[in-house]
Every structure is written in structure tokens, then in C-alpha cells.
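Secondary and tertiary structure notes
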Amino acid sequence: MKKIKDYLSGKFDQYEIYSAQSNSRSISFESNELKEISSKQSQGTAIRGVKKSDLTFASTSNTNPDKFINVVEELSEYPIFAPINFPGYSKKEKQVKLYSKDTYKFPNDYLIDQIKLSRDKILKLFPEALCDSGFNLIESESKLENSSDLEIITKQSYSGFYISVQVINNKDMLNIYDGYSSSLIINKDQITMITEKIIKYLKLGEKIVEPPKNGCPVVFTPSGLLQSIISPLLVSFNGSNIAKNLSKLSNKENNKIIDEKISIYDNPSIDYSPASKNYDDEGVPSDKFDLVKDGKFISGYYDLKSSKEAKKQTTGSAGRSINSQPMPTTSNIIMAKGKDKLDNIIKSIDDGILIDSLLGAGQGNELSGDFSANISLGYRIKNGKLIGRIKNTMLSGNAFDALSKINHLSLETENIFGTINLPYLCTNNVEISS
Amino acid sequence: MQKDIKNIISDSLKINGGEYKEIRIEENNSTRITYKGNSRENISINSGIGGCARVYSNGGWGFSSFNDIYESKNKMSEAINLSKLNTGKSINFEKNSAGKISIPARSIKNPKNISLNEKINILEHYKDLIVNKKNINGCDISYGDLERRVIFTDTLGNEIEQSFIHVILRISANSTDGNEMLQSGFSIGSLGDFSIVENLDKEVKECVMKAQNLINAEKIEGKESTVILDQILAGVFVHEAFGHLSEADNVYENERLKKILKLGTKFGNKDLNITDGAKIPNLRGSYDFDDEGTPSTKTPLIRDGELVGRLHSKETASKMNEKNTGNARAISYSYPPIVRMTNTIIENSNNNIRDILKDTKDGLYVKNWYGGMTQHEMFTFSSAETYKIENGEIKETLRPVKLSGNLFNTLKNIDGIANDLLINQGGGCGKGGQMPLPVSNGSPHIRINSCLVSSG
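Residues numbered from 1 in each chain as written. Chains lettered and ligands numbered in written order. Predicted model: local features only at pLDDT ≥ 70, side-chain atom pairs only at ≥ 80, totals over all residues. Heavy atoms only, no water.

**Quick look at the domain arrangement of chain A**
Residues and elements named next belong to chain A. Going by this rule: Boundaries between domains were set according to an automatic or database domain assignment. The criterion used for residue contact is that any of the two residues' heavy atoms lie within 4.5 Å. Here the quantity called buried area is the total loss of accessible area, with a 1.4 Å probe, experienced by two parts when brought into contact, counted for both.
Entries for chain A in the domain assignment read domain 1 (2-204) and domain 2 (209-434). Taking only C-alpha atoms into account, the centre of domain 1 sits 23 Å from that of domain 2. In this complex, domain 1 contributes 52 residues to the contact, which on the side of domain 2 involves 41 residues. Between domain 1 and domain 2, roughly 3,800 Å² of surface is buried when both sides are summed, and carbon and sulfur atoms account for 56% of that area.

**Things to note about the packing of helix α3 (residues 116-130) of chain B against helix α4 (residues 201-214) of chain B**
Two numbers describe a pair of packed helices, the interaxial angle and the distance between the axes. All names here are of chain B. Let me state the cut-off plainly: To get an axis, fit a line to the C-alpha atoms, keeping to the stretch in contact for a helix; angles then go from 0 to 180 degrees between the N-to-C directions. Runs of H or I in DSSP of at least four residues are treated as helices and runs of E of at least two as strands, each being numbered from the N terminus. Throughout, a crossing is termed right-handed when the near helix is turned clockwise from the far one, and left-handed when it is turned anticlockwise from it by less than a right angle. As a working rule, the residues Ala, Val, Leu, Ile, Met, Phe, Trp, Tyr, Cys and Pro are called nonpolar, Asp, Glu, Lys and Arg charged, and the rest polar, with Gly in that last group.
Running from amino to carboxyl end, α3 crosses α4 at an angle of 30°, the nearest separation of the two axes being 9 Å. Our pair here, α3 against α4, has a crossing hand that is right-handed. Together, His125, Tyr126, Leu129 and Ile130 of α3 and Asp201, Val204, Lys205 and Val208 of α4 make up the contact between the two elements. Within the contact of α3 with α4, the residues separate by chemical class into five nonpolar, one polar and two charged.

**Looking at the side chain of threonine 427 of chain A**
Within the fold, threonine 427 of chain A resides in strand β20 (residues 420-427). Not counting residues up to four positions away in its chain, the partners in contact with threonine 427 of chain A are Cys216, Pro217, Val218, Phe220, Ala402, Lys405, Ile406 and Asn407 of chain A.

**Considering the interface of chain B and chain A**
Note the following rule: When a carboxyl oxygen of Asp or Glu lies within 4 Å of a side-chain nitrogen of Lys or Arg, that pair is called a salt bridge. Here a polar contact means two N or O atoms within 3.5 Å. Within protein one must be a hydrogen donor candidate and the other an acceptor candidate, and residues neighboring in sequence count only if both atoms are side-chain atoms. A pair of strands is treated as paired once DSSP finds two or more bridges between them.
Listed as interface residues are 75 residues of chain B and, on the opposing side, 70 residues of chain A. Joining chain B to chain A, the criterion identifies six salt bridges. For lysine 305 of chain A, the salt bridge goes to glutamate 41 of chain B, with nearest N and O atoms at 3.3 Å. Summed over the shared surface of chain B and chain A, the result is 42 residue pairs in polar contact (both at pLDDT 80 or more). Examining the composition of the side of chain B that touches chain A, we find that 10 residues originate from one element, strand β2 (residues 39-57) of chain B, more than from any other. Where strand β2 (residues 33-51) of chain A and strand β3 (residues 60-66) of chain B come together, five bridges link them in parallel fashion. Residue pairing in the sheet places serine 38 of chain A in a bridge with phenylalanine 63 of chain B of β3 of chain B.

**A closer look at the environment of glycine 392 of chain B**
Residues and elements named next belong to chain B. You can see glycine 392 is positioned in the loop between β16 (378-390) and β17 (393-398). Taking C-alpha positions, glycine 392 is 54 Å from glutamate 94, a pair spaced 298 residues apart along the chain. Excluding residues that lie within four positions of it along the chain, glycine 392 makes contacts with Leu357, Lys358, Thr360 and Lys361.

**Here we look at the nonpolar core**
As a rule of thumb, soluble globular proteins bury nonpolar side chains together. Convention followed: What makes a nonpolar core is a set of buried Ala, Val, Leu, Ile, Met, Phe, Trp, Tyr and Cys residues whose side-chain atoms join them at distances within 4.5 Å. A 1.4 Å probe rolled over the protein chains alone gives each residue an accessible area, and that area as a share of the maximum for its type sets the label: buried under 20%, exposed over 50%, partly exposed in between.
In terms of nonpolar packing, the biggest core is built from 53 residues, with Leu8 of chain A together with Tyr126 of chain B touching the most fellow members. It is α3 of chain B that contributes the most residues to this core, seven residues altogether. With near-sequence residues (within four places) excluded, tyrosine 126 of chain B lies in contact with Ile141, Ile171, Val197, Glu198, Asn199, Leu200, Asp201 and Val204 of chain B. Judged by nonpolar contacts, the second largest core, of 47 residues, contains Phe242, Leu311, Met341 and Phe381 of chain B.

Below you can see the structure in the form of C-alpha cells.
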């Protein structure tokens, strides 16, 4: 590493070295049985050098420094315009907890037993079901250093659990997926909660009913809300899109963009959430910030380069993997809860649908906030009750339109895969076709 | 490969334990250049080396991947130990071996011989053709080339070295009326031929025009509609609507699905013929041996509307007592091979597209793609271009649409297959976290007489 560092300090005005290594272990069950146990080890190094406003980036998992220096030398002939300054170290008073030494130590036997317990609960009620499920544990360490004397070493632990259940009846295939992640080991209670949620939806899904007509109220579960509306919405908040005028939100700070019942923020400071961080991947301290406050656009999420281009402050949102340059990345996205009880929202609907999962969302014109997808898990609400599952129905709309006027926002919120927290939301401003 | 590494590999395979063992070592070099908005966003060269050991015991697998290939022996021991945790019943794989073989990469115009400067000049020129035009607020250009050398050895006696060169390019133009953001683009790719990236001025200019035309285009209301798919989108359709369900790892341990997907079941009309095969040469999904050392094949999946075959790995073929088709593929050394498509095509029939169009009173002409997804029998895919069809003629531009269907109905709803097969190599496939795997898809124009479509 010293050889690379010496080369970089001679070649560039400023430089940065990011190196990371990780060990991961995973257990996979397929069709109810243990199928594969795997272990992965990976490492890599990425550098960025800046001379005046010219930036060079290169990465490698090869340990030969001479070969790497040759590549950097070649790339430096073709820099990218990026007038950024690598930050110095700023001490943070309160450190967010990202690591537990116990997480990666949990033995395979324990993980296998947990998966079996969850599987058996489902099979007891649905003997024909096929469960694909798994556990994934990761322990990683990254080191970021730069020519402004910054040196940050981050150790993180991760555990992820997922379960996907399939029930086939004639030519109907019902598929339900859920999971959770944390820096701590996923405990029995969390697995029980996921398993019971899946059982609830499997029971509700046994009966297939006709979908309602277009124009009806649609209730999104937190997971349905993320897949259909929040994901395309966040594309417009990406600082890189804002800086390049590819977002509807360019120069719209403090304008009302959606219903005033809605506030959304990014919070990297939640202990043991896998998306949390103390510093972003460029060494900028990360902290909570508002994206939308009472329906008004407050800020996009920025890294150094996009904030410079957009003439804003960075929000400490740089995320990277070894092989790619840092880019604006969200951490824990939270939508503030509403005032209505979920039960009361459902009860208030004469004819509508509840959407939990979509197929093919995010494969259209996301820059405008448009979405369109097949409803892979949705239920009809009739006279205030969930009466059965709907099939062969599509949902489409625009994230900004769907949120421009909402009917209800629930008091209850749910954590989606351990990093995103949203309430249930009801709107009429989406299109249903079947 | 250095001699000492070869010795490490052969020593690793000699370690006791496991019913079947394999080691895959890979070296790769890639270049990536992207433009976003009005400027160059990224240019990077990445080099990597690594490997993996995989062991079969007690009906399941142990897998261990690594960067430091001098660790191979330890990682093999680890994979053996992990595989011992399985508690199922093992099956016997076929024991064929190709022995020692080395296959060089297909190289027509090797991107390695093109200087970075020349690559940048070409892309810079396309960028200039897009930016600063009326209602255009930027471009999205993504170029990548990748050279992979993979050495596969196993306890059956295989020692197979294969190299691949991939080139891929996606170009799109972004347009806006000040409020909405729209885009039009295209993707191309090749196995070992950089020249596909050259001489695209006409296509890029068309792309700008199409993006501009989208501004005044209307959105359709969601409905069932007759749709004519161009060759590119029909290729994505066959991949999503049928290809994924023909992958035997979805079926081999699923008794109910086995009944539904029994060979001989009718899925389409008489002129529907679907084939997948890595043995179809010179395409991005082409290879001689898969990542389990099985020779590639060309597999008929549907003949005259009937299901006649499916795609297999060693394990799925043995378990279903069908022939291994050599479709076990891994995206890199970090992943175990799983059953994947290669080059998937709907075969030509004998209709003329002009006749199919003339016969369509009311419908949509959908072209080019954004993406597609499958969840068992349900699938969606999205067009990048959509036009209204009225009384047999293509009329005004509409906003792109998403199409959605169901395996059991939609294939039967194909009522017109033309004779103008084209193959698109600009796509990648994702499954089990392994993405984008090089594949190609192809089809002639097809008409589906009833398909659920909605705007977006």
C-alpha cells in the first residue's frame, strides 16, 4: 500500500484510498430442505486522485501494486471533471453502533434450526407449501484514508433472514416473500414475526376474488408503498439527477410537492441498522436530514460531486462498492406516521384494494416518478373487510400524483427489511386495470 | 496459468471428502465508461482475480469463494466441511468428462486492441449528437467491455480453460418539456466484436428524435389490447414469459409444478417454436462448456406449441432423469452456477409482418425494451417505444407501456408469428442475485391478440 500511496501523492494534488474486505456465510434452503452452505471472502482497493478539477478513479481486487499503478497512470490521461475537495477528519461526539462481534460467530447449526422452526410452522398449516429460505451473515471492515489526513476504519456486522413461500393450486401460484436484516443477529422473535405475517397473508390469499373497478381507493402496505411509490419518488431526490436537471425537483426547494400529511427523512443514525453509518463513504459525517417536511421539498441526497454540481451542501450520502465511484445513496428512509388506525382505514372502505407486493416495478420511466407493475400480492377490500386475493391486475400511476392528495396515513408503521420504515397509505390517485 | 497455481488446484482436488468436487479460477479485466447529463460521469478499469471451490455431499452443496488463489486448498477444505452439514439423499451425476481442453475467446475486433482514447472519442461523439438539442436535457451512455478467463477443474477429470470477450453499449437521450422527464434509448452487445460500437450516428440521431417525440405523446389507459411486438421486445417477452419457467431448478423439487410443466403439455399454437442454446454460435450467451464442465447444447423447448424440453444443470437433470443441457452458469467466481438461459429464440414462422399488421384493426405496436421480470406464471415486460395501430396502419407515438401476462394464457394468445427473426444482444439477465449475466434473445415480429397493458 505504501508504494501506491507514494505514487498517488506524487501524481495528484489530492488523493483517496478506499479498501474493504469482507467475509460472509450463507445458508440456503430450497423447497423446504437445506441445499447449500456457502462462505465468501472478498477484498479490494479503490483510489481517487484529483489534480486541479480533474478526477481519476480505479479499482482492483488484484494485489499487484505495479499493475495497478500502470492502470491509474493510463486512466489519469482521461479524467472526469469534478472540482471536489476530500474532507479532513471531523470527530463525531455520538457514535452510531454498527458492529457486534457476536453476529458473525453464530454457528451454522443455530441458523439452520431457526430456519427449520419457521418452515415447520408454515408447513403445519400449509402442508403443500414450498419454502425457500435463508440466513446470511457478513462481517466487513473498510478503511478510508485521504490526503487531508483523514483515516476512518469502519467495522460492520450484518445478518439477514428471508423466507419465500410458494403454494400451487391447479394453475394458481401464490408466492409470498418477506425478510429482515440487522447488524445484530436476527432473533427468534423477529423470525416469528415474519413467519406469522407470511401465514396471515397465505390464509388471506387462499380465496381468489374479482378485482374492483378502476378509481377505487387503494391501500398500500409499507412494503407495497416502497415498491410502487417510494422507490420511483426517491429517484427524483437523488442529488446526481437534481444536479443534472434530470429531476422534477431541480430548483424546487421549499415548494409544496406532495400532500402536507407527508414527511420523509433519511436517518443514518439508528443503532444496528445495516444502512446506518457514522461517516459516508467519502468521510463526511452523516446525520439525519429531511427530504420532505409537511409536503414541502427540503433536500435531495448528495455526495461531494453532486452537491458541488448542484451548488448545495453534501448530505453525507455517498455510498460505494469497490468497483464503483461513490454516488448518492440513501440510508434508513423513514416516513413519519399518520393519525389513522389501520383497522379504521380498512373499515372505512366500501370497495377497494390492499397492495403488498408488485412484479416489474421500477422498470419504466422512473425519472418522472412513473410506475407501472403487475400486482403480485393484492387483496380486495369489500365493506370494510379483506375478502380475498386479486390476480392478473395492474397498477400504474405517478408517484407525485399518487401522493398529491392522500386519504389516510396509518398510525402503525412497519420496518421493511430492517432499513426502511413506512406507514400504510391510502390514495385514490392511481390506476387499476385488469 | 502459472504452474504453481495448477499444482495448487490439483492438490486441492485431492483433499479427501465430498462426493464430487470442483474448482473454478477466474481472471478478469474490464473497462467501463459512462456519460450522464452533458458530461462524462465515470471511466474505470478494473482487474480482478479469484476462485471458488464447490463440493457435493449428502444431497446438497458446500461452496467457498476467495480472492487469494493461494488459499485454494484451505477453501476446498472449508467447502468440504460446509457440505457435510447437508442431510439429504445424494443422487448420482453423469460422469462424462471432456478431459483437458482450452478454448480461446471469440475475437473479431478485440476491444483490448482499441486504445482508451479511441473508445472515448467514439462515445464523446455520440454524446455530442445528443446534447444541446431542442427539448433534450442530457444523455445516458454506458459502455463496457469485459475479458474473462475461466479455468474449471473437477474430480471427474475435466480441466477446461475458456476465455470470453464481451462488449456492451447502451445509449439513451433524455427529453423534457420542463416538467416531465422522458427517455428513448437502445442497447447492443457482442461477443468479441468492438465494431458494433462504431458507426451508430443514424441510430443515435433517431434516438434523439424519438425522445423529442415522446413529449407530446399520450399515455394510454390500462386495458386488454392486441399488441404487435417487434423482434427485440418479442425476444424479451420469450425470455420472461416462458424462458424462466423452463429452467429446471424451478421445477425439479416441486411436484405440483412438475405436473403443470409436464413434457407434452400444450402451451401455444401450432406455429410456436422456442429454442435455447449456448451452442448457437457467436452470441453473448454462447459457450462450449458450462460452469460445471458440461458441453453446451441447443435445446428445443417448445415444438408446434408443445413443451418438449427444459434447461438443466448436473443436479436437476439427474434428479428429473432428463438429459443435461449444459445450462449451469455463474456470473463470476463469487457465485455457484445455477440453471440459466443462454440464447433464447422464438423461431421464424411463415407470415409476413406486413400481413400481420394489415390484419390488425385496433392495437398497439410495441418496440424495444426497458426491462422485464418473472415470478413463476406471472410476468411483466416494458416497451421503450409504443405506437397506435389503426386499421392495419402504424399511427402516432404513444408513451411507453408495461405489458403483463400469465404463462397459461399469453403464449396461447400469440396468433401471428412473422419470418423476420432478429437477435438482440444488448441485455443481461438477473437471477438469485447474479446479474447481469450475458444472454441474447431473439424472435421475429409476433402478435398477441390479448395482453394486459398499462402506461409507464
